[in-house]
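What the coordinates show
Listed here are the chains, written in short residue letters.
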Amino acid sequence: MSHNVGILAPGKGWGNFVSYISCFKTISRVRNKKIILITKEFSSAKSYLEDQNFVKEFHQLPDNKKGILKTIIYIIKLYKILSKANLDEIFIFHSSATLVLISLLANIKNIYAPGIKYQNFFLKKNNKLYVNFFSKSIDAVVETTNLTKKILQINKIEFIPLEHNSLVDEKLIGICIACSGPEKQWGKENYANLIKFLVKKNYKKFLLLSGKDQSNLEKFIINQFSDQVKFIVTSAKNINEVVPDLKKCKFVIGNDTGFSHLAVAYNKKTYVILGDCPPHKYSNLFISIDKDSNIERSKRSIGTIKLEKILKIFNNF
């Protein structure tokens, strides 16, 4: 008899989504079933999960649902996906009560979700993480991990890297300059000077992990170097075009964004420069470079992290 397991992870950011992958894989392993994964378009999940063996189907929801018409279209599309999937259970990694209600309408027997605020009223006691409406919410990654542990009745979520057969290029370093906002951007001069330091350490190839908004930043960095230093630019590429080079990197350093988390997922030691957000702890490969303890965490705190602090980490390379 078939037993279909769904995961609905519409996202609180690409970085968070990628950091949930070990939870996805654990659910598949414990249930002994390939999952049906439903995400928003921004996650580009198929680009890096299609070659893995734990996803049965991929479904995408539109990123933007602002406005009554777009909201209605979003709800109808999700309802159709859930109804056709014939799910026996669904893990919802989001705080929306609407997602739970749509799952109920789709006649899914077992619905698991955090149970934040109004969502709490529509979930069975054993199917949620938070006790009641007034429970204080926790970090999204910790929330997802704890909910998964509770539902699967396990004590720990082990970090499980993505499988790939790419050989590491010992001279290729990933530099993550992409960011979702200025509060996560360490700065073009800092990155240019960091790369100059790494060039002196005999690294001559750099994968600039960037988004479409960082094309000028790419140009600024490249213009600081001679043709002897090779750069691979990514601002005009899709994620699936970037993944083959990311798999080859020796290590990655940069802003706290999706590419940094994807590097960790590919079993890369990844140095992540933080400021406005606290460090993530889901893998020992995620090495936090955080603000000093006497600095208040804010949208500007990443600017207090000096180049010298990071160079000390790499001085022994």
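Please refer to the structure placed before this passage.
Per chain, residue numbering runs from 1 following the sequence as it is written. Only residues with pLDDT of 70 or above have their local features reported here, since the model is predicted, and side-chain atom pairs are shown and tallied only from 80 upward, although totals for entire chains, interfaces and linings are computed over all residues. Side-chain calculation: all heavy atoms of the structure are included, whereas hydrogens and water are not.

Moving on to the packing of helix α7 (residues 188-200) against helix α11 (residues 307-314). Between α7 and α11, whose axes approach to 11 Å, the crossing angle comes to 25 degrees. With respect to α11, the element α7 is oriented roughly parallel. In this structure, the crossing between α7 and α11 has a hand that is right-handed. Where α7 approaches α11, its residues Asn190, Asn193, Leu194 and Phe197 are matched on the opposing element by Leu307, Ile310, Leu311 and Phe314. Put simply, Ala, Val, Leu, Ile, Met, Phe, Trp, Tyr, Cys and Pro go in the nonpolar bin, Asp, Glu, Lys and Arg in the charged bin, and everything else, Gly too, in the polar bin. Among the residues forming the contact of α7 with α11, the class breakdown is six nonpolar, two polar and no charged. To obtain each axis, a line is fitted to C-alpha atoms, and for helices this fit is confined to the stretch in contact; angles are then taken between N-to-C directions over 0 to 180 degrees. The secondary structure listing takes helices from DSSP runs of H or I that are at least 4 residues long and strands from runs of E that are at least 2 residues long, numbered from the N terminus. By definition in this entry, angles of less than 35 degrees are roughly parallel, angles greater than 145 are roughly antiparallel, angles of 65 to 115 are roughly perpendicular, and the rest are oblique. Should the near helix be turned anticlockwise from the far one by less than a right angle, the crossing is left-handed, and should it be turned clockwise, the crossing is right-handed. Note on definitions: a residue-residue contact is assigned when non-hydrogen atoms from the two residues lie within 4.5 Å.

Turning to the packing of aromatic side chains, a few remarks are in order. Two aromatic rings from Phe, Tyr or Trp, using only the six-membered ring of Trp, form a pair when their centres are within 6.5 Å; if the ring planes differ by under 30 degrees the pair is stacked, by over 60 it is edge-to-face, and anything between is tilted. Taken as a whole, this structure holds 20 aromatic pairs when the rule is applied. Ring geometry for Trp14 and Tyr48: centres 6.3 Å apart, planes at 50 degrees, overall tilted. Of this pair, Trp14 sits in helix α1 (residues 14-19) while Tyr48 sits in helix α3 (residues 45-49), placing them 34 residues apart in sequence. Three exposure classes are used, based on accessible area relative to the maximum for each residue type with a 1.4 Å probe and protein chains only: buried under 20%, partly exposed in between, and exposed over 50%. For Tyr48, a relative accessible area of 0% gives the class buried. Between Phe225 and Phe231 the ring centres are 5.4 Å apart and the planes differ by 55 degrees, which places this aromatic pair in the tilted class. Phe225 sits in the buried class, given a relative accessible area of 15%. Through a chain of ring-to-ring contacts, the aromatic side chains of Phe17, Tyr20, Phe24, Phe91, Phe93 and Tyr112 assemble into a single cluster. Two conditions define a charge located above a ring, namely a distance within 6 Å from the ring centre to NZ of Lys or CZ of Arg, and an angle within 35 degrees of the ring normal. Across from the ring centre of Tyr203, 5.9 Å away, lies the NZ or CZ of Lys171, which sits over that ring.

A general trend in soluble globular proteins is that nonpolar side chains are found buried together. The set of buried Ala, Val, Leu, Ile, Met, Phe, Trp, Tyr and Cys residues whose side-chain atoms join them within 4.5 Å is what this entry labels a nonpolar core. Phe24, Tyr48 and Leu262 are the most contacted members of the largest nonpolar core, which has 49 residues in total. Dropping the residues within four chain positions of it, Tyr48 is found in contact with Trp14, Phe17, Val18, Ile21, Ser43, Leu162, Ile239, Val243, Leu262 and Tyr266. By size, the runner-up hydrophobic cluster in this structure holds 29 residues, among which are Tyr191, Tyr203, Phe251 and Leu311.

The next point concerns helix α10 (residues 258-265). For α10, the tally of buried residues reaches eight of eight residues, placing the bulk of the element in the interior. Phi turns positive, to about 70 degrees, at Asn267, one or two residues after α10.

The next point concerns unusual backbone geometry. Backbone geometry places Asn107, a non-glycine residue, at a positive phi of 65 degrees. Here Asn107 lies in the loop between α5 (97-105) and β5 (110-112). The exposure class assigned to Asn107 is exposed, which follows from its relative accessible area of 65%.

The strands making up a sheet associate through backbone hydrogen bonding, with each pair oriented either parallel or antiparallel. If you walk across this open sheet you meet the six strands as β8-β7-β6-β9-β10-β11, and the pairing is parallel. The strands lining the two open edges of the sheet, one partner per strand, are β8 (230-233) and β11 (286-289). Between one strand axis and the next, the sheet turns by 20 degrees as a mean value, whatever way the strands run. Any two strands with at least two DSSP-identified bridges between them are counted as paired. Across five bridges, the pairing between strand β6 (residues 172-176) and strand β7 (residues 205-209) is parallel. Bridging from a neighbouring strand, Ile175 pairs with Leu208 of β7. Most of the contacts of helix α8 (residues 215-222) go to β8, to which it runs at about 175 degrees, and overall it touches β7 and β8.

Another point: the state of the cysteines. Two cysteine sulfur atoms form a disulfide, by the criterion used here, when they sit within 2.5 Å. Taken as a whole, this structure holds zero disulfides when the rule is applied. Here Cys23 is not cross-linked by a disulfide; its sulfur's nearest cysteine counterpart is in Cys277, at 18 Å.

With respect to the element layout, Asp256 can be found in the loop between β9 (251-255) and α10. Only 3.0 Å separates the side chain of Asp256 from the side chain of His261, close enough to count as a polar contact. Leaving out residues up to four positions away in the same chain, Asp256 has contacts with Lys184, His261, Val272, Ile273, Leu274, Cys277, His280 and Phe286. In protein, a polar contact requires one atom able to donate a hydrogen and another able to accept it; more generally it is a pair of N or O atoms within 3.5 Å, and residues adjacent in sequence count only if both atoms are side-chain atoms.

The angle between the axes and the distance between the axes are what describe a pair of packed helices. Look at helix α4 (residues 68-85) against α5: their axes get within 9 Å of each other, and the N-to-C directions meet at 45 degrees. Looking at the two axes, α4 sits oblique to α5. As α4 runs across α5, the sense of the crossing is right-handed. Touching Tyr74, Ile75, Leu78, Tyr79 and Leu82 of α4 are Thr98, Leu99, Ile102, Ser103 and Leu105, all from α5. Among the residues making up the contact of α4 with α5, the classes are represented as eight nonpolar, two polar and no charged.

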